[in-house]
Every structure is written in structure tokens, then in C-alpha cells.
Amino acid sequence: MPNLNRDTNTAIFMMCTGVACLSINDAIAKILMAHYSPFQILFIRTVLAFPFALFLALYSGGTSALRSYKPAVHVVRSLLWIAATIMFFTSVKYLDLAKATALIFVAPLFIAIISSVFLKESVSRAKWLAILAGFVGMLIIVRPGLIAFNAVTALPIATAVVYALLMLGARQIDPRESVWTQVLYLTGISGILSGLLVPFVWTAIRVEDLWLFAAITLFGITGMALMTQAFRLGSAVVIAPLDYTGLLWATLLGWLFWTEMPDTTTLVGAIVIVASGTYIIKNARNTA
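Worth saying up front: this structure is predicted, and the values here are computed from it rather than measured. (Residues numbered from 1 in each chain as written. Predicted model: local features only at pLDDT ≥ 70, side-chain atom pairs only at ≥ 80, totals over all residues. Heavy atoms only, no water.)

Focus: the nonpolar core
For the record, the criterion: Only buried Ala, Val, Leu, Ile, Met, Phe, Trp, Tyr and Cys residues count toward a nonpolar core, and they belong to the same one when joined by side-chain atoms within 4.5 Å. Only protein chains enter the accessibility calculation, which uses a 1.4 Å probe; a residue whose area is less than 20% of its type maximum is buried, one above 50% is exposed, and one in between is partly exposed. For the purposes of this entry, the term helix denotes a DSSP run of H or I that reaches at least four residues, the term strand denotes a run of E that reaches at least two, and both are numbered from the N terminus. Any pair of residues with heavy atoms lying within 4.5 Å of one another is described as a contacting pair.
Core analysis: the biggest nonpolar cluster contains 48 residues, and Leu32, Ile41 and Met138 have the highest contact counts within it. For this core, the leading source of residues is helix H6 (residues 125–142), giving six residues. If we ignore the near neighbours within four places in the chain, the residues touching Leu32 are Ile41, Asp209, Leu212, Phe213 and Ile216. Core analysis: the second largest hydrophobic core is formed by nine residues, Met14, Ala230, Ile239 and Leu242 among them.

Now the structure itself:
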């Protein structure tokens, strides 16, 4: 029992730290988006991150970690990852960081819907009510009809849909592949695919921005590694809801760098989304 508690505490610490790292990653992306295309940011980040991903894969599984049994699955997931990253980076350029982050947290709702409609998984009546509540929270933030609804506002929501497909696509990965093999292929293939488009949008990198590209790579790979290890050590029911601490970090970083403060309506909507998402995660095994 003491070892179990220690593992759980370690997992909680890793998850919270990992979420903080990815929140800083998003804030740096918002800074870089003022001068560079999201394709260029993604390409440089993946190129710099690939050696670290390769090291982690080899360290955890040796040369066997380089083998994929279903490479086509990784290609599809990489396309989804690129789409989600491009849309979210674009959204944070024009939206407050906290607002964009809150809207992307509707992803668990889309995962539940897609699982029910297309994968024929059972969803209880209470869970459907939680999904409905989550969408109400989303509408509270977006406020259609009261403020102008535009494509930029829809980008975080579209990101959440693509992210849900990305997560569900993980079920198609061969179970013989380690999580680090998955990270390696996602990083490598994303770098190759984004590299096909980056020549058309390339902007000369300013010397003063070199450290930002290094930082976004460092925080991105560190956040991913910590969150992955957290799920290996702790129960998903305990760990997954901690992802919502990203909203606190997004609010803090938005205030520090851009004096952004979410209004009351956005906070209310975010609370509703977090509550509904937490319920869905904690009752993931419930059936109708």
C-alpha cells in the first residue's frame, strides 16, 4: 500500500507538472504566431524534438522500439495531430489563451459521442446529461447570437473534435508497440508531413526568437513525457481530470504576458465544461 500511494503521488506531481509545461508551450506558440506560420512553428518543433523522441524510444525498448506493426495508423494520427496543432496555434493568435484552452477541453465530450455513435459503446443517461451540460458550457463561452461568432472562435472546438479522433485512433495502434514508439512515429511523421508545406510559408528566423523555438521544443517534449509517465504510474480516473489544471495555467500566463483576464461568463462556461468532463472521465466504465 505505501508503494501504491507513493506511485499515485508521483503520478499526480508528474501530471500537474506536465500540464504546466504544455501550457507554457501554448503560450510560447502564441508569442511566435506573431511572426511565423503555424506550419513553420510545428515543423521546427518536431525537427528539434525528434532526437529526444528517438532517444526515449531506444532507451525504453532498444532497437525493437523503432519497429511499427501498423505504420499507416501512425500516418493518419500524424495528419490529425498536425491539423489539431495548426488550428489551436491559429486560435491562440487571435483569442485569449484561457478562452481557447477552455474550449478545447470539450474534447472528452466528443470522445464520448464518437464512441457511442460510431463505435457503438454504451453511454448511460447520466453521462449523456453530462455531455449536454458540457456543450451548454461551451455555448456559454461562445455566446452565439450575443457576440459575433466567427471561424476563429470555432477553431478550438474543431481542434477538440480532431483531438478526440486522435485519441480514439490510439486504439488502432498495435499493442506490441510501446508508448515511446508511438511518440517517435508521431513526431517523425509530423515533421516530414509539415516539412512538405513549410517551404511555401517559411519566414527567416529572427536571432532573438531562437531561444523561443528551443523553449517550445523543451517544454513540449517534457510535458508529453511527464504526462505519459503519469498515466503509467497512476490510475487514469485519478490522473486524467488533472489535465484541467491547464486552464489555471492558461489564465495565469495570459494575465502575465498579455494582461488577459477571462470574463465572468467565460469562467462560468469553463467550470461547467470541467465539471462535465470530469464526470465523464471518472465514470468512463459505466454502462447504460
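The structure having been displayed, the exposition proceeds.
Remarks on the UniProt feature "domain: EamA" (unreviewed entry) in the protein
Formally: UniProt positions are given in the numbering used here, feature names are shortened, and annotations may be inferred rather than shown by experiment.
Those residues carrying the UniProt feature "domain: EamA" (unreviewed entry) are residues 10–142 and 157–276 in this numbering. Structurally, residues 10–142 is divided into 81% helix and 0% strand, and its ends, taken at the C-alpha atoms, are 37 Å apart. Secondary structure across residues 157–276 divides into 76% helix and 0% strand, with the first and last C-alpha atoms of the span separated by 16 Å.

A word on unusual backbone geometry
Negative phi values dominate among residues other than glycine, just as trans dominates among peptide bonds. Of note in the backbone geometry, Thr259 takes a positive phi value of approximately 50° without being a glycine. Inspection of the secondary structure puts Thr259 in the loop between helix H11 (245–258) and helix H12 (264–282). For Thr259, a relative accessible area of 68% translates into the label exposed.

As for the pattern of salt bridges
Convention followed: Salt bridges are defined by distance alone: a side-chain nitrogen of Lys or Arg within 4 Å of a carboxyl oxygen of Asp or Glu.
Evaluated as defined, the whole model comprises four salt bridges. Its salt-bridge partner being Lys30, residue Glu260 comes within 3.5 Å of it at the nearest N-O pair. With Glu260 in the loop between H11 and H12 and Lys30 in helix H1 (residues 2–32), the pair connects residues that are 230 residues apart, well separated along the chain. Of the residues examined, Glu260 reaches a relative accessible area of 10% and is grouped as buried. In this structure Lys30 comes out as buried when scored by relative accessible area, which is 9%. With its nearest N and O atoms 3.6 Å apart, the salt bridge here joins Arg206 to Glu208. Overall, the relative accessible area of 32% leaves Arg206 in the partly exposed class.

Structural notes on the environment of Glu260
Basically, it comes down to this: The term polar contact refers here to a pair of N or O atoms within 3.5 Å; inside protein, the definition further demands a hydrogen-donor-capable atom paired with an acceptor-capable atom, and it admits residues adjacent in sequence only when both atoms are side-chain atoms.
Separated by 132 residues in sequence, Glu260 and Trp128 have C-alpha atoms that sit 33 Å apart. Apart from residues no more than four positions distant in its own chain, Glu260 is found in contact with Lys30, Leu95, Asp96, Leu97, Thr251, Gly254 and Trp255. Polar side-chain contacts of Glu260 include one of 2.9 Å to the backbone nitrogen of Leu97.

With respect to helix H2 (residues 38–61)
The test is simple: The length a helix should cover is 1.5 Å for every residue beyond the first. To obtain the bend at a residue, axes are fitted to the seven residues ending there and to the seven starting there, and the angle between these axes is taken.
With 24 residues, H2 ought to run about 34 Å at 1.5 Å a step, and its terminal C-alpha atoms sit 32 Å apart, in line with that. The largest bend in H2 comes to about 35°, at Ala49, with the proline Pro51 one to four residues further on. Along H2, the positions that sit buried rather than exposed are Pro38, Gln40, Ile41, Leu42, Ile44, Arg45, Thr46, Ala49, Ala53 and Ala57. The N-cap residue of H2 is Ser37: its side-chain oxygen and the backbone nitrogen of Phe39 are 3.1 Å apart. Gly62 occupies a position one or two residues after H2 and carries a positive phi of about 70°.

Topic: empty space enclosed by the protein
Empty space among the atoms becomes visible once a probe the size of a water molecule is rolled across them. Quick note on the threshold: Cavities and pockets are defined on a 1 Å grid built over the protein atoms alone: a cavity is a set of grid points where a 1.4 Å probe fits but cannot escape, while a pocket is an open set with protein on both sides within 12 Å along at least five of seven lines, and lining residues are those with an atom within 4 Å of any such point. Grid points are joined across faces, edges and corners, and a volume is the space filled by probe spheres set on the points.
Under the defined criterion, the tally for this structure stands at one cavity of 30 Å³ or more. Considering only enclosed or pocket space, the largest cavity measures out at about 30 Å³ in volume. Within the residue set of the lining of the largest cavity, elements represented by two or more residues are helix H4 (97–104), H11 and H12. No other element matches the three residues that H12 contributes to the lining of the largest cavity.

Focus: the state of the cysteines
Put simply, the test is: For this text, the term disulfide refers to a pair of cysteine sulfurs within 2.5 Å.
Within this structure, the stated rule accounts for zero disulfides. Take Cys21: it sits in no disulfide, and the sulfur closest to it among the cysteines is that of Cys16, at 11 Å. Residue classification places Cys21 among the buried positions, given a relative accessible area of 10%.

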